[in-house]
Amino acid sequence: DMAQEHGIQVDLTGFEQARAEQQQRSRDASAPKEVWASGESAISELQKNVPPTAFIGYQETASESKVVAIVSNNQLLDKIGACETAEIVLDRSPFYAESGGQVGDTGQIKVVSGNSPGESIAKVLDTTKSNGYWLHKVTITHGEIRVGDIVKCDVDAVRRLDIMRNHTTTHLLQAALR
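What you are looking at is a predicted structure, and each value in this text was computed from that prediction instead of being measured.

## A word on the pattern of salt bridges
Stage number 1. For the coordinates displayed, the defined rule picks out six salt bridges.
Stage number 2. Between glutamate 16 and arginine 19 there is a salt bridge; the shortest N-O distance is 2.8 Å. Within this pair, glutamate 16 and its partner arginine 19 are both found in helix α2 (residues 12-30), separated by three residues, close to a single helical turn.
Stage number 3. Here glutamate 16 falls in the partly exposed class, since its relative accessible area comes to 38%.
Stage number 4. When the shortest N-O distance is used, the salt bridge between aspartate 105 and arginine 160 registers 2.6 Å. Taken together, the residues span a long stretch of sequence, with aspartate 105 in the loop between β6 (92-93) and β7 (107-113) and arginine 160 in helix α4 (residues 157-177) at a distance of 55 residues.
Stage number 5. Overall, arginine 160 belongs to the buried group, its relative accessible area being 8%.

## A word on the packing of aromatic side chains
Stage number 1. According to the stated counting rule, one finds three aromatic pairs in the structure shown.
Stage number 2. Aromatic pair phenylalanine 55 and tyrosine 96: ring centres 6.1 Å apart, planes at 75°, arrangement edge-to-face. You can see phenylalanine 55 sitting in strand β1 (residues 54-55) and its partner tyrosine 96 sitting in the loop between β6 and β7, a full 41 residues away along the chain.
Stage number 3. Judged by its relative accessible area of 16%, tyrosine 96 falls in the buried class.
Stage number 4. Members of the aromatic cluster, each reached through a chain of ring pairs, are Phe55, Tyr58, Tyr96 and Trp134.

## Details of the pairing of strand β11 (residues 150-155)
Stage number 1. Residue alternation in β11 divides its side chains into a buried set, Val151, Cys153 and Val155, and an unburied set, Ile150, Lys152 and Asp154.
Stage number 2. Judged from the six bridges that link them, β7 and β11 form a sheet pairing that is antiparallel. Among the inter-strand pairings, glycine 107 is bridged to a residue of β11, identified as valine 155.

Calculation criteria
- Residue indices follow the written sequence of each chain, beginning from 1 at its first position.
- Totals for whole chains, interfaces and linings use all residues, but because this is a predicted model, local features are given only for residues with pLDDT of at least 70 and pairs of side-chain atoms are given and counted only at 80 or more.
- Side-chain numbers come from the whole structure's heavy atoms, not from hydrogens or water.
- Whenever a carboxyl oxygen of Asp or Glu lies within 4 Å of a side-chain nitrogen of Lys or Arg, that contact is scored as a salt bridge.
- Numbered from the N terminus, helices here are DSSP runs of H or I no shorter than four residues, and strands are runs of E no shorter than two.
- Note on classification: 1.4 Å probe, protein chains only; a residue is buried when its accessible area is under 20% of the maximum for its type, exposed when over 50%, partly exposed between these limits.
- Each Phe, Tyr or Trp ring, with Trp reduced to its six-membered ring, pairs with another whose centre is within 6.5 Å; inter-plane angles below 30 degrees give stacked pairs, above 60 give edge-to-face pairs, and intermediate values give tilted ones.
- For two strands to be treated as a pair, DSSP must find at least two bridges joining them.

By themselves these figures say nothing about function.
Laid out in structure tokens, this is it:
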């Protein structure tokens, strides 16, 4: 609109093509690196039976989700107990996974219902993604978490907003420096 106001022609088709090429280069550059051992991996096992994680974090910073897998040392586990660290895969997640230069969310996952006895809480240390699965790196602070448990997810919203502001500022600074 601004170009048109000043009598400048814009090649929208060329722009869209160049933008699509840049988006593909960006996707290729930020694609998750292979973190799994070669051969049969936990993620390839998941792909056989479990749909990818639905990301709902643009609309919500808290949600109820189902634990669909627990991964530790490239092995699928049925449960994880107190003081253990693993990666939990949920059916849907409000946690932003590391991508495009922005770090992953942290927060808390707490069992609402399921087979885990008593109050069970996990501290989310980081969130990454691989082949459409959100991997929530957690340490169990209390109790245990099992596959099939329904959990309440709470993103550290204050931290996310700080990260978003800093990430946006980085892009603005880069544009200004160009």
